[in-house]
Amino acid sequence: MPLAFSTVDWWIVGVYMLIATVPGFLCRKYIKGQEDFLIAGRSLNIWLATATLTASEMGLITVMYMAEMGFKIGFSAMVLGLIAGGATLFVGATGFMVAGLRRSGVTTLAEYYEKRYSKGVRVLGGFIIAVAGILNYGVFLQVEADFIRIISGVPDMHIAFGAGPVHVIPSINLVMSVLVVIVLLYVLLGGMVSVVLTDYIQFVVLTVGMGLTTWWILTKMPEVGGMGGIVQAVQEHRPEYGFNPFVKHGAIGVGLLFIIWQCMHWTGSNTWQTQAFRTSATDSPRTAKVMWSMTAVNFFGRAIIPMLWGVAAIAFLSKTLSPDAFDQLSTSNPRQGMPMLLQALPAGLVGFMLAGMLAALMSTHSSYMLAWSGVLTEDLVVPITRALGINLPEWSRIWITRFFILCLGAFLIVFGLWFKMKETIWNYLSLTGTMYVAGSTALLVMGLYWRRASAAGAYLGLLFGAMPGLVYLVARILVLLGETYGFSVPGTVAWLDRELTEPRVGVISFPLAFLGLVVGSLASGRSGETRREAPPLDDQLALAGAAGGDQ
Amino acid sequence: MIEWEQVWKYVVWAAIISYFGLGLAITFGGFFDAIKMFRRLEAEHTEDQMANAEAPMSRE
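Residues numbered from 1 in each chain as written. Chains lettered and ligands numbered in written order. Predicted model: local features only at pLDDT ≥ 70, side-chain atom pairs only at ≥ 80, totals over all residues. Heavy atoms only, no water.

> Is there a simple way to explain the overall build of chain B in this structure?
Looking only at helices and strands, one finds 1 helix and 0 strands in chain B. Sorting the 60 residues of chain B into buried and exposed places 33% on the buried side. Accessible surface computed for chain B: about 4,100 Å², of which carbon and sulfur atoms make up 64%. (Helix = DSSP H or I, 4+ residues; strand = E, 2+ residues; numbered from the N terminus. Buried < 20%, exposed > 50% of the residue type's maximum accessible area, 1.4 Å probe, protein only. Areas by Shrake-Rupley, 256 points an atom, 1.4 Å probe, with all protein chains shown as cover.)

In structure tokens, the structure reads:
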């Protein structure tokens, strides 16, 4: 398949990189404390808050796994967009969780754990948040590199020193490493203020790039044949399960269990630290609610539009590839379907689209780096040093956060780029996400709306929420190790690996987290009210009864 | 009986219209919000600089 990526496209990408990154460097003078560094001095109004939340949550990796689902299971995958939009609208319209979190005035979610429960809960929660989040983040570069490699057709580099042997270096490794360095620089220098500004620029570039690409796919590609052609291709190549989300074809398809899991996941996903930061950065609980209501539309669109590209790739590739090659791609590497479709975009547009995707990549990386390094500093280092009688000054906390950002950058390059994952990306992301979100949802919901929730319950809630995912991961790794090194695993481990599918893990995790919290709280016999440092619980309970009361 | 093909067609068009419509609104709204944010941060920055400049004098 001929590549359309040309010199013009490289120029577009280069100019974009300058426009998107330079403003970040100019924001240094506004950073005077950790609050400015992490949450922009709580100064975000509605439009900017929505732009920055959307940009940070719309990564290149999002586009990749959404499109992969569209290519693999057709239109049925779009049920995820309906769930994401519906659940987020519910959160925004009612203020469920987010208004209480913003009103509590915390910077990180684990800080809320301390205010509502105890210091120990904060440390354990911060640990789970950081581990699950960083593991989740660790594979981003790998998937993104795949996309850029296919779209731009960057060749491998062959380097020889003198008459020595020729070393082959995949050029994409260098390109991605350079990207990480640029992201690192502007996050290190500017923090959230620069992230907010670059997020805004990236939001605009991304939206225009996505709009032009969607228009071109639907109207200018005869192989796709518009919406009619796409529907016809799904009827032919993804019969029944490609339209009806309740029908499965063997292991392929959506299914009821997945739908239930995703409903719980999307309702609680506002506790995901990168999103919780955005709630904290708004200028009021009202702005937080409006931001989440508008973000519902964005979450709906960010799922459906890349999925449409994935579904369109079924129509395009079924006509341009041989039947065997198409079947092979569908079963063994569906992730590559969408990038192969986008290869066919004309010169100029493919550059603009890649600039949009780089925008998505950079805003996500900058936001995630800030989020996880912030959690490590504020929720692990600060409480531990405080317990040791050391009170870290503001300037040292900023430098510790910057140190963690640097470590994360190194981790990304080593783990994400050169380490080869055996798991599929969606399985991996959803699993690590659930390990965190199940517990955090239980702690935030019950902390805000149930007076008797206690620290003992919180410990159990966190552990129970993370446990199914952990069991799944351990069983999976043991089985893979057994396959690699030729030893047989115990029957129980093999059974767990077989029976614990991702939707099952997800569906089990959320109720378990709530159950743990309730049982622990009732058994401990201590109510949250007894904590002297507890937040203004009355405010939060009032919020539960009158979600609109903070207008 | 649900006509899934029709449902997904409506869903796709609803997503395109709402996502890009809101995108346009955020582009304009965000521009003015960014100006507001920088005005606020600039004012705080100036106040801090003035406070820092006054501090040694007050000690004298």
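> Can you walk me through the overall build of chain A in this structure?
Across its full length, chain A carries 24 helices and 4 strands. In chain A, which comprises 551 residues, the share counted as buried stands at 62%.

> Help me understand the interface of chain A and chain B in this model?
Many analyses report the size of an interface as the accessible area lost when the parts associate. Each side of the interface is counted separately: chain A has 48 residues, and chain B has 32 residues. The junction of chain A with chain B conceals about 3,600 Å² of combined surface from both sides, 76% of it contributed by carbon and sulfur atoms. Linking chain A with chain B are 0 salt bridges. Seen at the junction of chain A and chain B, the total is 2 residue pairs in polar contact (both at pLDDT 80 or more). Elements with a contribution of two residues or more to the side of chain A that touches chain B: α3 (46–57), α5 (79–94), α11 (192–219), α12 (226–237) and α15 (285–320) of chain A. It is α11 of chain A that provides the largest number of residues to the side of chain A that touches chain B, a total of 11 residues. For the side of chain A that touches chain B, a count of residues per class yields 31 nonpolar, 12 polar and 5 charged. (Contact = heavy atoms within 4.5 Å. Buried area = accessible area lost by both parts, 1.4 Å probe. Salt bridge = Lys/Arg side-chain N within 4 Å of Asp/Glu carboxyl O. Polar contact = N/O pair within 3.5 Å; in protein donor to acceptor, adjacent residues only side chain to side chain. Nonpolar A, V, L, I, M, F, W, Y, C, P; charged D, E, K, R; others polar.)

> I tried to follow empty space enclosed by the protein on my own but got confused; where do I start?
Here the idea is plain: a probe the size of a water molecule rolls over the atoms and shows the empty space left. All names here are of chain A. Applying the stated criterion across every chain yields a total of 2 cavities of 30 Å³ or more. There is about 340 Å³ of room inside the largest cavity. For the largest cavity, the lining is made up of 22 residues, of which Y65, H265, W272, R302 and Y368 are closest to its centre. Elements that contribute at least two residues to the lining of the largest cavity include exactly α3, α4 (60–73), α13 (256–268), α18 (349–387) and α20 (425–449). For the lining of the largest cavity, the leading source of residues is α20, giving 5 residues. Considered class by class, the residues forming the lining of the largest cavity number 10 nonpolar, 10 polar and 2 charged. (1 Å grid on protein atoms, 1.4 Å probe; cavity = no way out; pocket = protein on both sides within 12 Å on 5 of 7 lines; lining within 4 Å. Points joined across faces, edges and corners; volume = space filled by probe spheres on them.)

> What is the right way to read a nonpolar patch on the surface from this model?
All names here are of chain A. A surface patch of nonpolar side chains, amounting to about 670 Å² of accessible area, comprises L470, V474, I477, L478, L481, Y485 and F487. Position of L478 relative to the elements: it lies in helix α21 (residues 455–485). Assessed through its relative accessible area of 33%, L478 is described here as partly exposed. (Patch = residues over 30% accessible without salt bridge, like charges linked within 9 Å, V, L, I, M, F, W, Y side chains within 5 Å.)

> How should I be thinking about the packing of helix α14 (residues 273–281) of chain A against α15 of chain A in this particular structure?
Helix packing geometry: the angle between the two helix axes and the distance between the axes. All names here are of chain A. Between α14 and α15, whose axes approach to 9 Å, the crossing angle comes to 140°. When the axis of α14 is compared with that of α15, the two are oblique. Of the two elements, α14 crosses α15, and the hand of that crossing is right-handed. Where α14 abuts α15, its residues Q275, R278 and T279 lie against A288, M291, W292 and F299. Taken together, the residues of the contact of α14 with α15 break down into 4 nonpolar, 2 polar and 1 charged. (Axes fitted to C-alpha atoms, helices over the stretch in contact; angles between N-to-C directions. Parallel < 35°, antiparallel > 145°, perpendicular 65-115°, else oblique. Left-handed = near helix turned anticlockwise from the far one by under 90°.)

> What am I meant to see in the packing of α5 of chain A against α13 of chain A here?
Residues and elements named next belong to chain A. One can describe the packing of α5 onto α13 by two numbers: an axis separation of 8 Å at closest approach and a directional angle of 35°. Seen from above, α5 lies across α13 with right-handed handedness. Two secondary-structure elements touch here, α5 through V79, L80, I83, A84, A87, F90 and V91 and α13 through F258, I259, Q262, C263, W266 and T267. Class assignment of the residues belonging to the contact of α5 with α13 gives a composition of 11 nonpolar, 2 polar and no charged.

> For this particular structure, what's the right way to read helix α9 (residues 140–152) of chain A?
Counting along an α-helix, one turn takes 3.6 residues, and residues three or four places apart therefore face a common direction. Residues and elements named next belong to chain A. Here α9 spans 18 Å end to end across 13 residues, near enough to the 18 Å set by a 1.5 Å rise per residue. Judged by how many residues are buried, α9 sits mostly within the fold: 12 of 13 residues are covered. Just beyond α9, the residue with positive phi is G153, at close to 65°. (Expected span 1.5 Å × (residues − 1).)

> Is there a simple way to think about the nonpolar core in this case?
One recurring pattern in soluble globular proteins: nonpolar side chains tend to sit buried together. Residues and elements named next belong to chain A. Judged by nonpolar contacts, the single largest core of 166 residues is most densely connected at F75, F147, L342 and W372. If you tally residues by element for this core, the top one is α18, at 20 residues. Residues within four places of F147 in sequence aside, it is in contact with L60, M64, M338, P339, L342, M353, L354 and M357. Membership of the second largest hydrophobic core comes to 14 residues, among which are L48, A51, L197 and Y200. (Core = buried A, V, L, I, M, F, W, Y, C linked by side-chain atoms within 4.5 Å.)

> Got a minute to help me understand the packing of aromatic side chains in this structure?
Both the distance between ring centres and the angle between the ring planes are used here to describe each pair of aromatic rings. Residue and element names in this part refer to chain A. For the structure shown, the criterion picks out 20 aromatic pairs over all chains. Look at F90 and F96: their rings are 5.5 Å apart centre to centre, the planes differ by 50°, and that puts the pair in the tilted class. A residue is classified by how much of its surface remains accessible, and F90, at 41% relative accessible area, is partly exposed. The partly exposed category is assigned to F96, whose relative accessible area is 22%. Above the face of the Y117 ring, R116 is positioned so that its terminal group lies 5.3 Å from the ring centre. Sitting above the plane of the F299 ring, R302 keeps its charged end 4.5 Å from the centroid. (Phe/Tyr/Trp six-rings, centres within 6.5 Å; stacked < 30°, edge-to-face > 60°. Lys NZ or Arg CZ within 6 Å of the ring centre and 35° of its normal.)

> How should unusual backbone geometry be read in this particular structure?
Glycine aside, a negative phi is what most residues show, and trans is what most peptide bonds show. Residue and element names in this part refer to chain A. Here M97, not a glycine, exhibits a phi torsion of approximately 75°, which is positive. Within the secondary structure, M97 sits in the loop between α5 and α6 (98–103). Even without a glycine there, the phi angle at E240 is positive, about 65°. By the element assignment, E240 lies in the loop between α12 and β3 (248–249). Classification of E240 as exposed rests on a relative accessible area of 54%.

> Help me out: how do you make sense of the pattern of salt bridges in this one?
If the charged atoms of two oppositely charged side chains come close together, the side chains can form a pair. Residue and element names in this part refer to chain A. In total, this model carries 5 salt bridges over all chains according to the counting rule given. In this structure, the salt-bridge partner of R504 is E499, at a minimum N-O distance of 3.2 Å. Take R504: its relative accessible area is 36%, and that puts it in the partly exposed class. Residue class for E499 comes out partly exposed when judged on its relative accessible area of 30%. Three or more residues are tied together by salt bridges with common partners; here these are E114, R122 and D379.

> Would you mind going over helix α23 (residues 502–524) of chain A with me for this structure?
Residues and elements named next belong to chain A. Compared with the 33 Å implied by 1.5 Å per residue over 23 residues, the 32 Å span of α23 between its first and last C-alpha is a close match. Buried residues of α23: E502, P503, V505, G506, V507, S509, F510, A513, G516, L517, G520 and S521, and no others. Immediately downstream of α23, the backbone of G525 shows phi near 70°, a positive value.

> Got a minute to help me understand the environment of I217 of chain A in this structure?
Residues and elements named next belong to chain A. Looking at the element boundaries, I217 is found in helix α11. Counting along the chain gives 128 residues from I217 to L345, while the straight-line C-alpha distance between them is 8.1 Å. Contacts of I217, omitting those with residues within four sequence positions, involve V224, W309, A312, L341 and L342.

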